[in-house]
Amino acid sequence: MNVQPEPTVEPSDPVQLRRAFGMFATGVTVVTVGGDCPHGMTANSFTSVSLEPPLVLVCVDQQAIMHRSLIECGQFGISVLAAHQEPVARHFANRRRPLGAAQFDAVDWVPGQVTGAPLITGALAHFECELWRSYEGGDHSIFVGNLLSVRREPEADGVLFVRGRFRQLDRDTAELADGVPAWQAAARGGVTG
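Conventions we followed
Every chain is numbered on its own, with residues counted from 1 as its sequence reads. Reporting of local features is limited, given that this is a predicted model, to residues whose pLDDT is at least 70; pairs of side-chain atoms are given and counted only at 80 or more, and all residues count toward the totals for whole chains, interfaces and linings. Hydrogens and water molecules were not included; the side-chain quantities draw on all heavy atoms of the structure. Secondary structure elements are taken from DSSP: a helix is a run of H or I of four residues or more, a strand is a run of E of two residues or more, and numbering for both begins at the N terminus. Partly exposed residues are those whose accessible area sits between 20% and 50% of the maximum for their type, while under 20% is buried and over 50% is exposed, using a 1.4 Å probe and protein chains only. Any two residues whose heavy atoms approach within 4.5 Å are treated as being in contact. For every accessible area listed, the method is Shrake-Rupley and the probe measures 1.4 Å; residues are considered covered only by the protein chains on display. In this analysis, rings of Phe, Tyr and Trp, with Trp reduced to its six-membered ring, are considered paired at centre separations within 6.5 Å, and the interplanar angle assigns stacked below 30 degrees, edge-to-face beyond 60, and tilted for intermediate values. Only when the NZ of Lys or the CZ of Arg is both within 6 Å of the ring centre and within 35 degrees of the ring normal is a charge said to sit over the ring. By salt bridge we mean one thing: a side-chain nitrogen of Lys or Arg within 4 Å of a carboxyl oxygen of Asp or Glu. Strands pair, by our definition, only if DSSP identifies at least two bridges between them. In this description, a line fitted to the C-alpha atoms serves as the axis of each element, helices being fitted only across the stretch in contact, and the angle between N-to-C directions of two axes falls anywhere from 0 to 180 degrees. What makes a nonpolar core is a set of buried Ala, Val, Leu, Ile, Met, Phe, Trp, Tyr and Cys residues whose side-chain atoms join them at distances within 4.5 Å.

## Notes on the overall build of the protein
Within the protein, the secondary structure is distributed over four helices and 14 strands. Looking at the protein residue by residue over its 193 residues, the buried ones come to 37%. Partitioning the intrachain contacts of the protein with sequence separation of at least 6 by distance along the chain shows that 59% fall at a separation of at least 24. Accessible surface for the protein amounts to roughly 11,500 Å². Of this, 53% is attributable to carbon and sulfur atoms.

## Here we look at the packing of aromatic side chains
Evaluation of the coordinates by the stated rule reveals three aromatic pairs. Measuring from ring centre to ring centre gives 5.3 Å for Phe92 and Phe104, while their planes differ by 45°; the resulting arrangement is tilted. Highlighted residues: Phe92 in helix 3 (residues 86-93) and Phe104 in the loop between helix 3 and strand 7 (109-111), separated in sequence by 12 residues. Across the pair, exposure class does not vary: Phe92 and Phe104 are buried alike. Through pairs of rings, three or more aromatic residues link up here, namely Phe92, Phe104 and Trp109. Against the face of Trp132 rests Arg133, its NZ or CZ located 4.0 Å from the ring centre.

## Focus: helix 2 (residues 65-73)
Within helix 2, the full set of buried residues consists of Met66, His67, Ser69 and Leu70. Remark: Gly74 follows helix 2 within two positions and exhibits a positive phi of approximately 80°.

## Section: unusual backbone geometry
The residue after Glu52, namely Pro53, is reached through a cis peptide bond having omega 0°. Within the secondary structure, Pro53 is located in the loop between strand 4 (46-51) and strand 5 (54-61).

## Description of the pattern of salt bridges
One pass over the structure, following the stated rule, counts three salt bridges. A salt bridge links Glu72 to Arg68, with the nearest nitrogen and oxygen atoms 4.0 Å apart. Taken together, the positions of Glu72 and Arg68, both in helix 2 and four residues apart, correspond to about one turn of that helix. For Glu72, a relative accessible area of 62% corresponds to the exposed category. Residues Glu153 and Arg151 are paired through a salt bridge, measuring 2.7 Å at the closest nitrogen-oxygen approach. On the basis of relative accessibility, which here comes to 30%, the residue Arg151 falls in the partly exposed class.

## Overview of the sheet that holds strand 4
Taken together, the seven strands give an open sheet; going across it, the order is 3-2-6-9-10-5-4, and neighbouring strands pair in antiparallel fashion. Each edge of the open sheet carries a strand with a single partner, namely strand 3 (39-43) and strand 4. For this sheet, the mean inter-axis angle between neighbouring strands, taken without regard to orientation, is 35°. Two strands pair when backbone bridges link them, and strand 9 (residues 125-137) and strand 10 (residues 140-152) are joined in this way by 12 bridges, in the antiparallel orientation. Bridge pairing links Ser134 to Phe143 in strand 10. Sitting on the sheet, helix 2 is in contact with strand 2 (29-33), strand 3, strand 5, strand 6 (75-80), strand 9 and strand 10, with an inclination near 50° to strand 2. Docked against the sheet, helix 3 engages strand 2 and strand 3, running at close to 115° with respect to strand 3.

## Some remarks on the nonpolar core
What tends to happen in soluble globular proteins is that the nonpolar side chains get buried as a cluster. Val31, Val58, Val60, Met66, Leu70, Phe76 and Phe127 are the most contacted members of the largest nonpolar core, which has 19 residues in total. Elements with a minimum of two residues in this core: strand 2, strand 3, strand 5, helix 2, strand 6, strand 9 and strand 10. In terms of nonpolar packing, the next biggest core, distinct from the first, is built from 11 residues, Val30, Val88, Ala89 and Phe92 among them.

In structure tokens, the structure reads:
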């Protein structure tokens with residue numbers, strides 16, 4: 001079998017690098033802070049770090065409003081979005097949305113019981129965190145949060161982000177919502193079920 005190698009991506013080319021990073025499928029979250037100036041941001045750079053102590057991380061561009069908000073507030077919430085919540089993800093990714101409390105008028109939310117951070121209603125999971133550590137990571141900062149509370153929905157699917165697009169996995173057919181079989185998506189670097 002003769003397979004032609006894919007072209008090499010130059011790490012210094014931000015467009016090609018973003019496309020290469022986009023081959024890794026992720027879930028989608030909304031990171032929020034409460035207090036006097038509440039703010040929300042769509043993020044797919046979220047992951048668990050440790051069970052003992054219970055830690056998670058989120059990466060935030062140093063130029064983003066959320067960067068300053070996380071440092072000033074010291075506590076934050078994370079809502080892991082469900083498959084039907086793509087419009088919520090798009091809302092909090094829109095740079096033209098209203099800022100402050102008004103940005104939450106377009107979505108259903110509840111205040112976190114511990115932090116007061118807005119948590120998106122209908123999300124698959126909610127995490128409330130206090131800022132544990134932060135690390136410089138190039139043009140982003142890596143914020144590590146110590147978990148203060150956790151809530152999850154038992155049986156629901158999440159919205160996925162891969163190749164610059166939102167997608168959903170159909171559990172019954174093991175296909176992406178756009179009709180690509182899971183095995184074929186895996187062969188192309190997509191999502192498996």
